[in-house]
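Fold and geometry: a report
Single-letter residue listing:
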Amino acid sequence: MLCIPLMLYSMSPMVGLEYLDDCFFTLICPLIILLLSNQSLEGRSVVRKKKRRILYEGHRKLRLLHVQNRNDISSKIKDQRGKLAEIMEPDFGLLPKLISSGGLNLNEKEKIEAEATRSGRSKRLLDLILANGKHHEFIAALWDSGQIHVINWIRGNGVYSPEYGSDWPLEDREIKVIDRNFDKLSSNLVTAHGLLEKLFSNGIINYEQMEFLKNETKHSFKHSEDFLSILRRFSRGYFSLTLECLRELNQDHVARMMEELEEGEDYNSDNGSDLPLEREQIEVIDRKYDWLIHNIDVAHGLLDKLLSKNVINFQMMEFLNIETKTSFKRNEDFLGILRRFSHNSFSLTVKCLRESNQDHIAELLEKGGRF
């Protein structure tokens with residue numbers, strides 16, 4: 001037990017002596033009470049587990065206290081209010097964590113949720129945190145909701161330090177790329193058929209975000225729009241992992257648009273195969289949409305060929321092969337995916353169409369709708 005007070009004393013220059021009372025009640029008191037309790041009721045193994053849990057929680061809170069003293073946090077939040085409203089994610093778990101810790105009450109939560117935009121909700125939340133002096137609860141809720149990059153922004157007062165690593169907000173250049181090319185990205189990004197599950201399994205999005213983005217009542221374009229709105233508030237590390245996931249799911253053209261475009265650069269200026277379809281190619285699909293739906297044969301061999309060439313993944317194939325779908329619906333869904341392909345995937349699709357004796361479809365797609 002003596003090692004704990006010594007540890008706290010050694011950390012006092014970082015967290016401030018005024019926080020030692022907080023540390024005492026969050027770490028030392030629970031351990032003392034546990035050690036003095038009747039261990040025979042639960043057994044020593046259970047007590048050891050509880051001690052480990054208390055130490056873990058205490059260590060987590062001590063790390064949060066490292067963000068500096070109470071007045072310093074308040075002034076930094078006030079100074080960075082505008083930027084914080086743009087980089088923090090007020091939805092998908094942050095508010096419930098603040099409710100449970102006493103950082104907000106239900107009436108305040110309703111006022112925040114009444115704001116129409118994410119930035120508006122963030123600003124209202126920050127104003128309440130500042131007015132009520134709930135800085136510790138706010139930092140803890142950010143930590144528990146995976147927004148370490150926002151904590152680091154507050155710690156550094158907007159100035160990056162190497163100790164933050166990739167837990168730092170996106171640069172203005174990266175956000176401008178997303179905003180400037182929002183429509184292009186929304187038209188090419190496929191969030192369904194594996195991406196959301198991969199992001200969730202890597203801890204990049206949480207369960208609430210995945211359920212929100214998988215809402216079946218939304219159009220695929222709306223899914224992409226919502227995802228991009230969440231993406232622009234990611235940390236650098238989560239952004240890089242998202243690009244990796246896109247590439248693993250054969251969406252290199254989308255990753256490249258997010259990663260490389262500079263202002264004034266045309267993403268079609270390069271003849272590389274990992275670029276989105278040109279507008280003329282998409283217009284062919286749209287102009288001949290009804291004809292294609294009634295004439296393309298997706299079910300008999302085409303999907304197997306596309307899967308073998310890694311043009312589609314298993315989730316896409318399962319989605320298109322649902323037995324309850326009519327051939328009309330299956331073809332419609334396939335064309336919705338096709339128009340988001342890269343040049344390379346589109347060319348391979350044309351090749352697979354020829355291999356499955358659908359030269360007339362391949363010729364239409366190749367010649368711009370002219371037989």
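Let me sum up the structure you'll find in this document.

Cut-offs used in this document
- Residues numbered from 1 in each chain as written.
- Predicted model: local features only at pLDDT ≥ 70, side-chain atom pairs only at ≥ 80, totals over all residues.
- Heavy atoms only, no water.
- Helix = DSSP H or I, 4+ residues; strand = E, 2+ residues; numbered from the N terminus.
- Buried < 20%, exposed > 50% of the residue type's maximum accessible area, 1.4 Å probe, protein only.
- Contact = heavy atoms within 4.5 Å.
- Phe/Tyr/Trp six-rings, centres within 6.5 Å; stacked < 30°, edge-to-face > 60°.
- Lys NZ or Arg CZ within 6 Å of the ring centre and 35° of its normal.
- Salt bridge = Lys/Arg side-chain N within 4 Å of Asp/Glu carboxyl O.
- Polar contact = N/O pair within 3.5 Å; in protein donor to acceptor, adjacent residues only side chain to side chain.
- Core = buried A, V, L, I, M, F, W, Y, C linked by side-chain atoms within 4.5 Å.
- Axes fitted to C-alpha atoms, helices over the stretch in contact; angles between N-to-C directions.
- Parallel < 35°, antiparallel > 145°, perpendicular 65-115°, else oblique.
- Nonpolar A, V, L, I, M, F, W, Y, C, P; charged D, E, K, R; others polar.
- Left-handed = near helix turned anticlockwise from the far one by under 90°.

1. Focus: the overall build of the protein
From N to C terminus, the protein includes 24 helices and zero strands. Residues classed as buried in the protein amount to 46% of the 371 residues present. Of the contacts formed within the protein by residues at least 6 apart in sequence, a portion of 67% connects residues at least 24 apart.

2. Digging into the packing of aromatic side chains
All told, the structure shown has seven aromatic pairs when counted by the stated rule. With a centroid separation of 4.9 Å and 35° between ring planes, the pair formed by W153 and W168 is classed as tilted. Highlighted residues: W153 in helix α10 (residues 148-156) and W168 in the loop between α10 and α11 (172-180), separated in sequence by 15 residues. Across this residue pair, the class does not change: W153 and W168 are buried. Relative to Y164, the ring of Y160 lies with its centre 6.1 Å away and its plane at 75°, an arrangement referred to as edge-to-face. Of the residues examined, Y164 reaches a relative accessible area of 8% and is grouped as buried. Cluster of aromatic residues (ring-pair linked, three or more members): W153, Y160, Y164 and W168. In this structure, K83 packs its charged tip against the face of W153, placed 5.4 Å from the ring centre.

3. Focus on the pattern of salt bridges
The final tally for this structure, using the stated rule, is 20 salt bridges. With its nearest N and O atoms 3.8 Å apart, the salt bridge here joins D91 to R118. With D91 in the loop between α5 (81-87) and α6 (94-101) and R118 in helix α8 (residues 118-132), this residue pair connects regions lying 27 residues apart in the sequence. There is no split in this pair, since D91 and R118 are both buried. Among the salt bridges present, the one from D226 reaches K222, with a minimum N-O distance of 3.2 Å. Taken as a pair, D226 and K222 lie in helix α15 (residues 220-231) at a separation of four residues, close to a single helical turn. Taking relative accessible area as the criterion, D226 reaches 9% and is therefore assigned buried. A relative accessible area of 37% means that K222 is categorised as partly exposed. Salt bridges here are not isolated pairs; linked through shared partners, they connect E89, D91, R118 and R121.

4. Structural notes on the environment of S308
One can find S308 in helix α20 (residues 302-308). Of the polar contacts made by the side chain of S308, one reaches the backbone oxygen of K305; its length is 2.7 Å.

5. Regarding α10
Counting buried positions along α10 yields seven of nine residues, so the element is predominantly enclosed. Inspection of α10 places H149, V150, I151, N152, W153, I154 and G156 among the buried residues, and these make up the whole buried set. Once α10 finishes, N157 follows within two positions and takes phi at roughly 55°, a positive value.

6. Side note on the nonpolar core
In terms of nonpolar packing, the biggest core is built from 30 residues, with L303, L306, I312, F334, L338 and L365 touching the most fellow members. At the level of elements, α18 (279-287), α19 (289-295), α20, α21 (314-320), α22 (327-338), α23 (343-355) and α24 (359-366) are the ones that each hand at least two residues to this core. Not counting residues up to four positions away in its chain, the partners in contact with I312 are L303, L306, L307, M317 and F341. Grouped together as the second largest cluster of nonpolar side chains are 28 residues, L195, L228, L246 and A255 included.

7. Overview of the packing of helix α9 (residues 135-144) against α10
For the pair α9 and α10, the least separation of the axes is 7 Å and the interaxial angle reads 140°. The orientation of α9 relative to α10 falls into the category oblique. Of the residues in α10, those touching α9 at F138, I139, L142 and W143 are I148, V150, I151 and I154. Partitioning the contact of α9 with α10 into residue classes produces eight nonpolar, no polar and no charged.

8. A word on the packing of α6 against α9
Contact pair α6 / α9: the axes reach a minimum separation of 9 Å and the direction vectors enclose 135°. Relative to α9, the element α6 lies oblique. The two elements α6 and α9 meet at a crossing, and its hand is right-handed. For the pair formed by α6 and α9, the contact residues are L94, K97, L98 and S101 on the first element and E137, F138, A141, L142 and D144 on the second.

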